[in-house]
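Coordinate inspection notes
So you can see what is in the structure, the chains are spelled out below.
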Amino acid sequence: MIPTPTRVPRRRTAPQHAAEFDELPSPTCGKVLAIMELLAAHPDGISGAAAARLSGITANLVFRILKTLVARGFCLQQPETKAYRLSSRLLELASPQVGEASLAVVAYGPLCQLRDATGETAQLVIESAGKALVLEQVRGTQPLQVCGQVGMRTPLYSSAPGKAILAWWDEQRRAAWFRSRRLKRFTAATLADRSSLLADLARSRDRGYTVDLAEGNEGIHCVAAPILDPYGQPIAAVTIMAPVSRLGEETIPTAAVACKTTAATIAATLAGGMAPQS
């Protein structure tokens, strides 16, 4: 499941000296990117004054950049604090796309249908830099919900959607991923050794879906299915998550069918009506 964010290291957010902007092919573009990097480093929001101070860019230009980012949908201003933070617009631009069809846009309707059919939070997840990244989320309708946050990254191997991507990768790509990863145990159920994880991935391919039985967080189960391209390679995965009391052994098969149907619908739309290979 993907309800818990992981801490990511902060990048250098701006040149150390404002004069460094002048060395860039487009100094203005460099300043816009520096402000966006500052926003990314402050997910809870940052004021315009703080952004100007930290970036070394004049306050007038910083405010004009921020207002433009808001107008274009790349940035949000919190009404209470007036702080600025990035929106999910960059994720939408970077999401997989076939022709004119954006994965995030195509998936939203089917995700809502999956949520309505199960009552549980539904997510669209892609692989990014070797981790699972939540690209879209539709919150469940149950009084007690399990949910995450768009943009959240978690390990691939301890979540159902991450394992759906791992399981359907070709053997060469999966082996390359293993070479650069050290498996860490998060709960007693985490598959933290390679042989156990590979066996689980093989079973998942045979049945067409993956499960996370409290492998990422205690007390939470999730089910996922891969969104496959016409060549059978994973583009992303769809998942639902719930407390163990609502998603146990007796309800997982039904939830898996719903996830597989949703994934196939999205895949067929992306492929222009061509159903993914099984």
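In what follows, the structure referred to is the one given above.
These numbers come from a predicted model, not from an experiment. (Residues numbered from 1 in each chain as written. Predicted model: local features only at pLDDT ≥ 70, side-chain atom pairs only at ≥ 80, totals over all residues. Heavy atoms only, no water.)

1. A word on the sheet that holds strand 7 (residues 153–155)
Ordered by their spatial adjacency, 6 strands build an open sheet running 7-6-5-10-9-8, and the pairing between neighbours is antiparallel. Two strands in the sheet have a free side with no partner beyond their single neighbour: strand 7 and strand 8 (210–213). Mean inter-strand twist for the sheet, computed between neighbouring axes without regard to direction, equals 30°. By the bridge criterion, 7 bridges tie strand 5 (residues 121–128) to strand 6 (residues 131–138) in an arrangement that is antiparallel. Bridge pairing links Ile 126 to Leu 133 in strand 6. Here helix 5 (residues 103–118) sits on the sheet in contact with strand 5, strand 6, strand 9 (220–228) and strand 10 (234–243), set at roughly 145° to strand 5. (Pairing = 2+ DSSP bridges. Helix = DSSP H or I, 4+ residues; strand = E, 2+ residues; numbered from the N terminus. Axes fitted to C-alpha atoms, helices over the stretch in contact; angles between N-to-C directions. Contact = heavy atoms within 4.5 Å.)

2. Looking at the packing of aromatic side chains
Scanning the model with the defined rule gives 3 aromatic pairs in all. Plain terms: the ring middles of Tyr 157 and Phe 186 are 6.0 Å apart, the flat faces sit at 25° to each other, and that makes the pair stacked. Of the two residues, Tyr 157 is situated in the loop between strand 7 and helix 6 (160–168) and Phe 186 in the loop between helix 7 (171–179) and helix 8 (194–207); the sequence distance between them amounts to 29 residues. Of the residues examined, Tyr 157 reaches a relative accessible area of 5% and is grouped as buried. An angle of 80° between the planes, with centres 5.1 Å apart, marks the rings of Trp 177 and Phe 178 as edge-to-face. Like Trp 177, the residue Phe 178 is buried in the burial classification. Through successive ring pairs, a cluster of aromatic residues spans Tyr 157, Trp 177, Phe 178 and Phe 186. When the ring centre of Tyr 209 is taken as reference, the NZ or CZ atom of Arg 207 above it lies at 4.9 Å. (Phe/Tyr/Trp six-rings, centres within 6.5 Å; stacked < 30°, edge-to-face > 60°. Buried < 20%, exposed > 50% of the residue type's maximum accessible area, 1.4 Å probe, protein only. Lys NZ or Arg CZ within 6 Å of the ring centre and 35° of its normal.)

3. Details of unusual backbone geometry
Even without being glycine, Ala 129 reaches a positive phi, approximately 55°. Note on placement: Ala 129 falls in the loop between strand 5 and strand 6. Taking the relative accessible area as the measure of exposure, Ala 129 reaches 67% and is therefore exposed. You will see that Ala 214, though not glycine, has its phi angle at about 60°, which is positive. Secondary-structure assignment places Ala 214 in the loop between strand 8 and strand 9. By relative accessible area, which is 11% here, Ala 214 ends up buried.

By themselves these figures say nothing about function.
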